[in-house]
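# What the coordinates show
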Amino acid sequence: MIRFDEVSKVYRGTARPALNGVSLEILSGEFVFLVGASGSGKSTFLRLVLKEERPSSGGIHVLGQDLGAISSRKVPYFRRNLGVVFQDFRLLPNKTVFDNVAFTLQVIGKSKGFIHEAVPDALKTVGLDGKAQRFPHELSGGEQQRVAIARAVVNKPAILLADEPTGNLDPETSAGIMALLERINANGTTVIMATHDAGIVDRLQRRVIEVIGGRIVRDERGGGYKTQAHPVVNQGFGMAPSALPVVAPFAAPTSVGEQR
Amino acid sequence: MRIGLVLSEVGQGLRRNLSMVISVVLVTFISLTFVGAAVLLQMQITQMKSYWFDRAQVAVYMCTEFSTVGGCDQQVATPDQVALVQAQLEGITLAPFIDTFYFETQQQAFENFQEQFAGDAVADLISPELLPEAFWVNLIDPTQSAILSDALGGLAGVESIVDQRSYLDQIFDILNVSSLTAIGIAALMLVAAALLISTTIRLSAFSRRREIGIMRLVGASNRFIQTPFIIEGVVAALIGSVLAGFAVVGIVQFFVQGYLAETLPLTSFVGLSDALLVVPILLGAGALLAALSANVAITRYLRV
């Protein structure tokens with residue numbers, strides 16, 4: 001489904017690579033947490049999957065396609081197979097909930113009939129069927145994120161990328177969003193979620209990929225936000241040992257640094 | 001569906017950037033008016049050239065009693081000398097190049113002069129003796145006046161040989177320079193127009209960056225994203241081009257035909273049909289300019 005072969009990414013003007021020799025494979029239908037401090041390379045990973053960036057070296061295959069071989073003219077068509085959700089929702093403030101979701105389908109040339117079938121369907125999936133005519137500013141944060149998720153899945157993508165989708169939400173609302181993402185995953189969509197939310201990661205016990213300084217330091221199925229099994233992996237990546245959590249997963253968010 | 005969507009985006013963009021759009025309209029208007037004027041001036045020059053060059057004659061002036069140059073010695077050319085020149089013009093060397101020629105006596109020259117400068121003070125100062133006798137020659141190929149100069153230049157009694165085209169050339173040089181000036185100004189203005197269009201498009205894209213970001217994310221094709229912006233630029237430039245078209249037609253109708261043609265009735269001027277020929281050129285140039293600069297601007301904005 002997604003395969004990285006020794007992928008490195010160095011942004012222009014920086015010496016330190018954002019990703020450094022990353023190899024991994026994500027299978028169809030998996031639910032993957034991408035954890036690590038801000039600046040560790042999580043977003044770069046997601047952008048590479050989306051082909052918003054090209055790797056400095058290494059090969060990336062997504063959905064059976066070699067991203068290095070896709071011409072820039074074909075990239076939009078490739079992206080139609082992916083849904084993306086962000087921490088800041090990115091809704092269009094002057095469009096209603098319905099139009100926000102429909103916009104996705106309009107701009108890729110779907111017919112009116114299809115849109116009028118697919119959009120209510122997607123809104124129902126995310127639990128917003130009564131609020132199609134509201135505007136984003138009339139909704140709570142959790143509801144806005146649900147609109148964003150509806151927009152991401154309305155075209156039935158094979159992969160859903162979520163970049164800290166619960167970053168702006170309170171724990172209770174986050175739990176609702178996670179239940180929704182799990183439901184979407186259960187329907188066969190591969191979900192890759194970058195997050196800082198230790199509680200969520202620990203509770204769901206899914207595959208966890210931890211990135212530090214552009215390297216994968218842990219790839220664990222059924223793992224938590226911090227593993228006690230290999231605490232040694234953090235050494236040598238610029239972190240003072242005292243900053244490491246001595247006790248337990250719950251200490252993790254404060255020690256791993258920036259919360260936005 | 002998609003066309004409707006694209007057009008509504010275009011309308012939104014034009015409304016949102018109204019002041020920039022107006023400046024694009026004005027700059028394209030002015031620059032294309034200059035282009036149109038330059039084209040019309042070139043047409044005018046071509047038209048006048050073909051008109052006047054066909055009528056341009058070569059004058060073989062004979063000596064008067066006041067002339068000292070050429071084969072003259074302050075003596076009126078004798079009838080023998082005149083006959084010799086005429087024989088030369090009719091002879092086998094020159095005849096093949098000559099269409100027609102006629103002889104003008106001093107009295108005829110005087111009458112022509114009086115007619116031409118009627119009411120001018122100089123007409124009273126001139127007497128027939130001051131004006132030379134002359135052969136007026138129409139050549140088959142008006143560019144070959146050098147043949148006459150070579151053959152007749154050294155003859156006794158011939159004062160000088162003058163190709164009227166040399167007078168015309170000066171006039172055409174002046175017209176040419178002014179049309180080149182118009183083209184130069186037009187080129188500068190067109191550069192300004194192109195830059196202004198690309199700035200406008202970039203502003204427009206910036207004000208719609210949220211939409212563009214989402215469109216790129218969900219896989220809208222590049223062409224779909226770019227088309228509204230290009231149409232936006234083309235619409236603004238086309239409005240300017242249409243105004244320039246009206247201006248060019250107006251200049252021809254009211255200034256050239258209404259004023260110049262009345263004042264200088266003997267000269268033929270460019271007409272409305274010429275102006276209407278220029279209008280589609282202006283429209284095409286405006287649309288092309290806008291499409292290119294908008295395309296460059298939006299492509300650079302969207303580059304991954």
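From a predicted model like this one, the values you see are computed outputs, not experimental measurements.

This part takes up the interface of chain A and chain B. Every contact between the two is made by 18 residues of chain A and, on the other side, 16 residues of chain B. Put simply, the parts of the chain that give the side of chain A that touches chain B at least two residues each are helix 2 (75-79) and helix 3 (97-107) of chain A. For the side of chain A that touches chain B, the class distribution of residues is seven nonpolar, five polar and six charged.

Moving on: the sheet that holds strand 6 (residues 82-86) of chain A. All names here are of chain A. Read from one edge to the other, the open sheet built from six strands follows the order 6-7-8-3-9-10, with strand pairing classed as mixed. The two strands at the open ends of the sheet, each matched to only one other strand, are strand 6 and strand 10 (215-220). Pairs of neighbouring strands in the sheet enclose a mean axial angle of 15°, with direction left out of account. As paired elements, strand 9 (residues 207-212) and strand 10 share five bridges and run antiparallel to each other.

Now for helix 5 (residues 141-153) of chain A. Residue and element names in this part refer to chain A. Here helix 5 is 13 residues long and its end C-alpha atoms lie 18 Å apart, about the 18 Å a rise of 1.5 Å per residue gives. For helix 5, a buried count of 11 out of 13 residues is recorded, marking the element as mostly surrounded by other parts of the structure. Looking at the packing, one finds that the buried side of helix 5 touches strand 6, helix 3, helix 4 (112-125), strand 7 (159-163) and helix 6 (171-186).

Every α-helical turn comprises 3.6 residues, leaving residues that sit three or four positions apart pointing alike. Between its terminal C-alpha atoms helix 9 (residues 222-263) of chain B stretches 58 Å, which fits the 62 Å expected from 42 residues at 1.5 Å a residue. Most pronounced at V256(B), the bend in helix 9 of chain B amounts to some 35°.

Our next topic: the sheet that holds strand 1 (residues 58-62) of chain B. All names here are of chain B. Read from one edge to the other, the open sheet built from four strands follows the order 2-3-1-4, with strand pairing classed as antiparallel. Edge strands, defined here as strands with exactly one partner in the open sheet, are strand 2 (98-104) and strand 4 (158-163). Between one strand axis and the next, the sheet turns through 15° on average, direction left out of account. As paired strands, strand 1 and strand 3 (residues 134-139) are joined by four bridges and run antiparallel to one another. Each bridged residue has a counterpart across the sheet, and for A59 the counterpart in strand 3 is W136.

Residues and elements named next belong to chain B. Running from N to C, helix 2 (residues 18-55) and helix 9 cross one another at 40°; their axes reach a closest spacing of 7 Å. As the angle between them shows, helix 2 and helix 9 are arranged oblique. The handedness of the crossing between helix 2 and helix 9 is right-handed. Taken together, the residues of helix 9 that come into contact with helix 2 (itself represented by V21, V24, V25, L26, T28, F29, L32, T33, G36, A37 and L40) are A236, A237, I239, G240, S241, L243, A244, A247, V248, I251 and V252.

Turning our eyes to something else, we now look at the domain arrangement of chain A. Residue and element names in this part refer to chain A. Domain annotation for chain A reports domain 1 (2-81 + 157-255) and domain 2 (85-156). Across the contact, 16 residues belong to domain 1 and 15 residues belong to domain 2. If you tally residues by element for the side of domain 1 that touches domain 2, the top one is helix 6, at five residues. Among the residues making up the side of domain 1 that touches domain 2, the classes are represented as eight nonpolar, five polar and three charged.

Let's shift gears to the packing of helix 1 (residues 2-16) of chain B against helix 9 of chain B. Residue and element names in this part refer to chain B. Running from amino to carboxyl end, helix 1 crosses helix 9 at an angle of 55°, the nearest separation of the two axes being 9 Å. Comparing their axes, helix 9 and helix 1 come out oblique. In the packing of helix 1 onto helix 9, the handedness of the crossing is right-handed. For the pair helix 1 and helix 9, contact is made by V6, E9, V10, G13 and L14 and by T227, P228, F229, I231, E232 and V235, respectively. Considered class by class, the residues forming the contact of helix 1 with helix 9 number seven nonpolar, two polar and two charged.

Accessible area lost upon the coming together of the parts is a frequently used measure of interface size. When its domains are assigned, chain B resolves into domain 1 (2-53 + 176-302) and domain 2 (57-163). Each of domain 1 of chain B and domain 2 of chain B has a C-alpha centre, and these two points are 53 Å apart.

Residue and element names in this part refer to chain B. Relative to the helices and strands, S204 resides in helix 7 (residues 165-207). Of the residues examined, S204 has 26 C-beta atoms within 10 Å and is grouped as buried. C-alpha of S204 to C-alpha of S145: the two residues are 59 residues apart in sequence and 63 Å apart in space. Those residues within four positions of S204 in sequence are excluded, and the remaining contacts are G13, R16, N17, F229 and E232.

Rules and cut-offs
Residues numbered from 1 in each chain as written. Chains lettered and ligands numbered in written order. Predicted model: local features only at pLDDT ≥ 70, side-chain atom pairs only at ≥ 80, totals over all residues. Contact = placed C-beta atoms within 7 Å. Helix = DSSP H or I, 4+ residues; strand = E, 2+ residues; numbered from the N terminus. Nonpolar A, V, L, I, M, F, W, Y, C, P; charged D, E, K, R; others polar. Pairing = 2+ DSSP bridges. Axes fitted to C-alpha atoms, helices over the stretch in contact; angles between N-to-C directions. Expected span 1.5 Å × (residues − 1). Buried ≥ 20, exposed ≤ 12 C-beta atoms within 10 Å, placed from the backbone. Bend = angle between axes of the 7 residues up to and from the residue. Parallel < 35°, antiparallel > 145°, perpendicular 65-115°, else oblique. Left-handed = near helix turned anticlockwise from the far one by under 90°. Domains from an automatic or database assignment.

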